[in-house]
Amino acid sequence: VEKSLINVDGAARALRKFAEERDWEQFHSPKNLVMALCGEVGELTEIFQWMTEADSRSAASAPKTAGAVRDEIADVALYLIRLADVLEIDLNAAVAAKLAANAAKYPVEASRGVSTKYDQLPKS
Ligand SMILES: [Mg+2]
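Keep in mind it's a predicted model, so treat the numbers as computed, not measured. (Residues numbered from 1 in each chain as written. Predicted model: local features only at pLDDT ≥ 70, side-chain atom pairs only at ≥ 80, totals over all residues. Heavy atoms only, no water.)

Next up on the list: the overall build of the protein chain. The helix and strand tally for the protein chain stands at six helices and zero strands. Going from N to C terminus, the protein chain has its helices and strands arranged as α-α-α-α-α-α. For 124 residues, the compact-globule formula gives about 14 Å, and the C-alpha radius of gyration of the protein chain, at 18 Å, lies well above that figure. The principal-axis extents of the C-alpha atoms in the protein chain amount to approximately 55 × 35 × 25 Å. Across the 124 residues that make up the protein chain, the buried fraction comes to 22%. Contacts in the protein chain between residues at least 24 apart in sequence constitute 64% of all its contacts with a sequence separation of at least 6. Total accessible area on the protein chain is roughly 9,000 Å²; 58% of this is exposed by carbon and sulfur atoms. Charged side chains in the protein chain number 15 positive and 19 negative. The centres of these two groups are separated by 5 Å. (Helix = DSSP H or I, 4+ residues; strand = E, 2+ residues; numbered from the N terminus. Rg over C-alpha atoms; globule rule 2.2 N^0.38 Å. Buried < 20%, exposed > 50% of the residue type's maximum accessible area, 1.4 Å probe, protein only. Contact = heavy atoms within 4.5 Å. Areas by Shrake-Rupley, 256 points an atom, 1.4 Å probe, with all protein chains shown as cover. Lys, Arg positive; Asp, Glu negative; His and termini not counted. Charge placed at Lys NZ, Arg CZ, Asp CG, Glu CD.)

Listed below in structure tokens is the structure:
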């Protein structure tokens, strides 16, 4: 597995600077950041709720929703990156480790084309 699947270091640095310039570190407790992250996930969810499956697949290109989808996905990413930074979690390493763990839990032969949870998959 690649060591750095997503490059978050630049974003983490920019967010640190953004908070420092505004003296907002005092508000950026893990608790507050998790709550803000959930709020942004809620805003993203709101765009998709009541959509048909087909509409949801074109939400990022449909003129009516494209901008909002992009903005809310960015908000989610920014709070997630900030949260990991404040907690001093190496997000690149955490993502790589979790993806490797998921690959072990869901071997291609057992899980291809099925949505069965890992503990229900046939043992190889
Ligand atoms: Mg938002």
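Back to the text.
Attention now moves to the coordination of the magnesium ion. At 2.1 to 2.2 Å from the magnesium ion lie its protein donor atoms, namely Glu 40 (OE), Glu 43 (OE), Glu 72 (OE) and Asp 75 (OD). Motif for the magnesium ion, donor spacing along one chain: E-x2-E-x28-E-x2-D. One end of the pair, Glu 43, is in helix 2 (residues 30-48); the other, Glu 72, is in helix 4 (residues 66-86), and 29 residues separate them in sequence. By relative accessible area, which is 33% here, Glu 43 ends up partly exposed. Judged by relative accessible area, Glu 72 falls into the buried class, the value being 13%. (Donors = N, O, S within 2.8 Å, 3.2 Å for Na, K, Ca; no water.)

What follows covers the environment of Leu 78. Mapping Leu 78 onto the fold places it in helix 4. Overall, the relative accessible area of 37% leaves Leu 78 in the partly exposed class. Expressed as a C-alpha distance, the spacing of Leu 78 and Ala 14, which sit 64 residues apart in the sequence, is 9.9 Å.

A separate point is the environment of Ser 56. Mapping Ser 56 onto the fold places it in helix 3 (residues 53-57). Overall, the relative accessible area of 27% leaves Ser 56 in the partly exposed class. With sequence-adjacent residues up to four places away left out, Ser 56 is seen in contact with Phe 48 and Met 51.

All right, on to the nonpolar core then. By size, the foremost hydrophobic cluster in this structure holds eight residues: Leu 33, Leu 37, Leu 44, Ile 47, Ala 59, Val 69, Val 76 and Leu 83. Contributions of two or more residues to this core are made by helix 2 and helix 4. With four residues, the single largest contributor to this core is helix 2. Excluding residues that lie within four positions of it along the chain, Leu 83 makes contacts with Pro 30, Leu 33, Val 34 and Leu 37. (Core = buried A, V, L, I, M, F, W, Y, C linked by side-chain atoms within 4.5 Å.)

Packing of helix 1 (residues 9-21) against helix 4 leaves a shortest axis separation of 9 Å and a crossing angle of 85 degrees. Relative to helix 4, the element helix 1 lies roughly perpendicular. Residues Ala 11, Ala 12, Leu 15, Arg 16 and Ala 19 of helix 1 pack against Leu 78, Ile 81, Arg 82 and Asp 85 of helix 4. Split into classes, the residues belonging to the contact of helix 1 with helix 4 amount to six nonpolar, no polar and three charged. (Axes fitted to C-alpha atoms, helices over the stretch in contact; angles between N-to-C directions. Parallel < 35°, antiparallel > 145°, perpendicular 65-115°, else oblique. Nonpolar A, V, L, I, M, F, W, Y, C, P; charged D, E, K, R; others polar.)

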